[in-house]
Amino acid sequence: MNICVIGAGYVGLTLSVTLASLGHYIQCIDKDNNKIQQLNNGFIPFYEPGLAELLEVARKNIVFTSNTVEAVKSSAVIFIAVGTPAQDDGSADLSFIYSVLHDMYQEITTFKTIIIKSTVPPGTCEQIYQKLTELGVSPHLYAIASNPEFLREGKALYDMLHPDKTVIGINDGDTTTVPLLQSIYAGINTAYVITNLAGAELIKYANNYFLATKISFINEIARVSDKYQVDIQHISKAIGLDPRIGKEFLKAGIGYGGSCFPKDLRALEYLIKKEQINAPILHAVQQINDTQINIYVEKIKKHLPHFSEKVAVLGLTFKADTNDIRNSQSIPLIQQLATIGYDVHVYDPKGVIPKNMESLATQHPSLAETVEGSHCLILATDWPAFTSLPWQEIKKAMNGLFIVDGRNIWNKKEIESYGFTYIGVGRP
Ligand code: UGA
């Protein structure tokens, strides 16, 4: 099938490459000419495991271009996968979606199915209808569906090929869009959930909200278990064995980050306030996350009372297997440590410290240089490379004995056996 995908971010690109590998002919559009050039040279502009290799295989079925008009003209199916970043008031910025509609509306002269992949507030697909009507496009010439994505960065390809569900929101009486999408995704084994447009839009928010709630819940219990000398990992394991709870997203630590959870929860909070709905859990989840770093910083201050000493931070990205540092908890951690006066040094296998933070911390190309002479070593991101460290060598290289495990990936007893003081939350 001839398919146009608008947006070559990690969602649009993963979708494009996967659909091309399934045999569809894909035109993948992005306004960023630089990005298009890189993609045409086979280079993926961000780190996503496996994507470059699959692109290589699917290369003959995919074209990267900035020409929206031509791509829309020649495609019957148009996926919109552009960003919807948070605005200052927390609401989702839909301007990229509207700009796409402006670029393409004149090309809707033969029947098109427009599928919204971007995370958008409930009611957005309805507004898209109104917008296209205002622009003079006949409603007989298109159908709209909401088909949200549930891809994790770093595992996007796996999630695309092995989804736990595929959610499709359609208008009442639309009998063609579901079979069309099912034929596009033929070859991917998935459970379909069919709902109305706002239903699909809201499912996406509810999914992220629930996952973020699990994280904040376990971080709250970690605060309690800290006081009672209980290991939070025992609690996660035990409650996770209850199939009604499930073991995923119960890892306590410095909190969640990334380009999705913080943004989507804020967007939902904006909507809930606007609609005057009482939703106290939503606020509490964010409040716990926003204050989680403080608990670690207070413990560091207690153990390291000389506030000019060198501290080494391992990890800048919001999680492992990505170079994405957006809303990473590592950022406020570094900011707080630098504001206190510590000499902050950082290492990350893929993430790069932003220019505006270079005065706060020094990034090194290796873990060894980062750790050298430090009084405290802090784990901020659970990169596999940090899982088992040569503690004897680290002890020799460091000037102090404090180890802060912000992700609960280290063995406390083992670390203590080297003479270190292990600091965590919920790790007696
Ligand atoms: C998230 C969702 O998991 C995807 O399903 C969704 O499609 C995506 O947002 C999106 O909306 O596009 P992602 O942002 O890539 O995916 O990251 P996650 O793997 O969900 O992790 C989010 C944060 O939670 C990370 O900072 C991670 O370190 C943290 N986390 C995760 C914990 O602190 N504890 C856990 O137990 C699990």
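Structure's up top.
Residues numbered from 1 in each chain as written. Predicted model: local features only at pLDDT ≥ 70, side-chain atom pairs only at ≥ 80, totals over all residues. Heavy atoms only, no water.

### A short note on a nonpolar patch on the surface
Okay, step 1: Together, Val224, Tyr228 and Val230 make up a nonpolar patch on the protein surface, roughly 290 Å² of accessible area in all.
Okay, step 2: Considering the arrangement of structural elements, one finds Val230 in the loop between α9 (197–227) and α10 (232–240).
Okay, step 3: What makes Val230 partly exposed here is its relative accessible area of 32%. (Patch = residues over 30% accessible without salt bridge, like charges linked within 9 Å, V, L, I, M, F, W, Y side chains within 5 Å. Areas by Shrake-Rupley, 256 points an atom, 1.4 Å probe, with all protein chains shown as cover. Salt bridge = Lys/Arg side-chain N within 4 Å of Asp/Glu carboxyl O. Helix = DSSP H or I, 4+ residues; strand = E, 2+ residues; numbered from the N terminus. Buried < 20%, exposed > 50% of the residue type's maximum accessible area, 1.4 Å probe, protein only.)

### Describing the layout of surface pockets
Okay, step 1: Put simply, the largest pocket is a space of about 1500 Å³.
Okay, step 2: In this structure, the largest pocket is lined by 48 residues; those nearest its centre are Arg152, Leu211, Phe249, Phe261 and Lys319.
Okay, step 3: With five residues, α9 is the largest single contributor of residues to the lining of the largest pocket.
Okay, step 4: Class assignment for the residues of the lining of the largest pocket results in 21 nonpolar, 11 polar and 16 charged.
Okay, step 5: Taken as a whole, the second largest pocket spans an internal volume of roughly 930 Å³. (1 Å grid on protein atoms, 1.4 Å probe; cavity = no way out; pocket = protein on both sides within 12 Å on 5 of 7 lines; lining within 4 Å. Points joined across faces, edges and corners; volume = space filled by probe spheres on them. Nonpolar A, V, L, I, M, F, W, Y, C, P; charged D, E, K, R; others polar.)

### A look at the site of the ligand
Okay, step 1: As a matter of local geometry, the ligand sits amid 22 residues, with Glu149, Glu153, Lys204, Asn208 and Phe318 nearest to it.
Okay, step 2: One of the backbone nitrogen or oxygen atoms of Phe150 is found 3.4 Å away from an oxygen atom of the ligand.
Okay, step 3: Between the ligand and Glu153 there is a distance of 2.7 Å, counted from an oxygen atom to a backbone nitrogen or oxygen.
Okay, step 4: A total of 720 Å² of accessible area belongs to the ligand in isolation, and the protein chains cover 93% of it.
Okay, step 5: A majority-of-atoms criterion places the ligand in the largest pocket. (Near = heavy atom within 4 Å. Polar contact = N/O pair within 3.5 Å; in protein donor to acceptor, adjacent residues only side chain to side chain. Sits in = over half its atoms within 2 Å of the grid points.)

### Some words on the pattern of salt bridges
Okay, step 1: For the structure on display, the rule yields 18 salt bridges.
Okay, step 2: Here Asp30 makes a salt bridge to Lys35, at a shortest N to O gap of 3.6 Å.
Okay, step 3: Look at Asp30 and you get buried, because its relative accessible area is 13%.
Okay, step 4: Exposure remark for Lys35: the relative accessible area of 18% places this residue in the buried category.
Okay, step 5: For Asp264, the salt bridge identified is with Lys263, shortest N-O distance 3.0 Å. Pair check on accessibility: Asp264 and Lys263 agree, each one buried.
Okay, step 6: One continuous salt-bridge network, built from bridges that share partners, spans Glu153, Asp324 and Arg326.

### Some points on helix α11 (residues 261–274)
Okay, step 1: With 14 residues, α11 extends 20 Å from end C-alpha to end C-alpha; this agrees with the ideal 20 Å at 1.5 Å per step.
Okay, step 2: Burial in α11 covers these residues: Phe261, Pro262, Lys263, Asp264, Leu265, Ala267, Leu268, Glu269, Leu271 and Ile272.
Okay, step 3: Where α11 is buried, its residues touch α9 and α12 (280–303).
Okay, step 4: Trailing α11 by a residue or two, Gln276 shows a phi angle of about 55°, which is positive. (Expected span 1.5 Å × (residues − 1). Contact = heavy atoms within 4.5 Å.)

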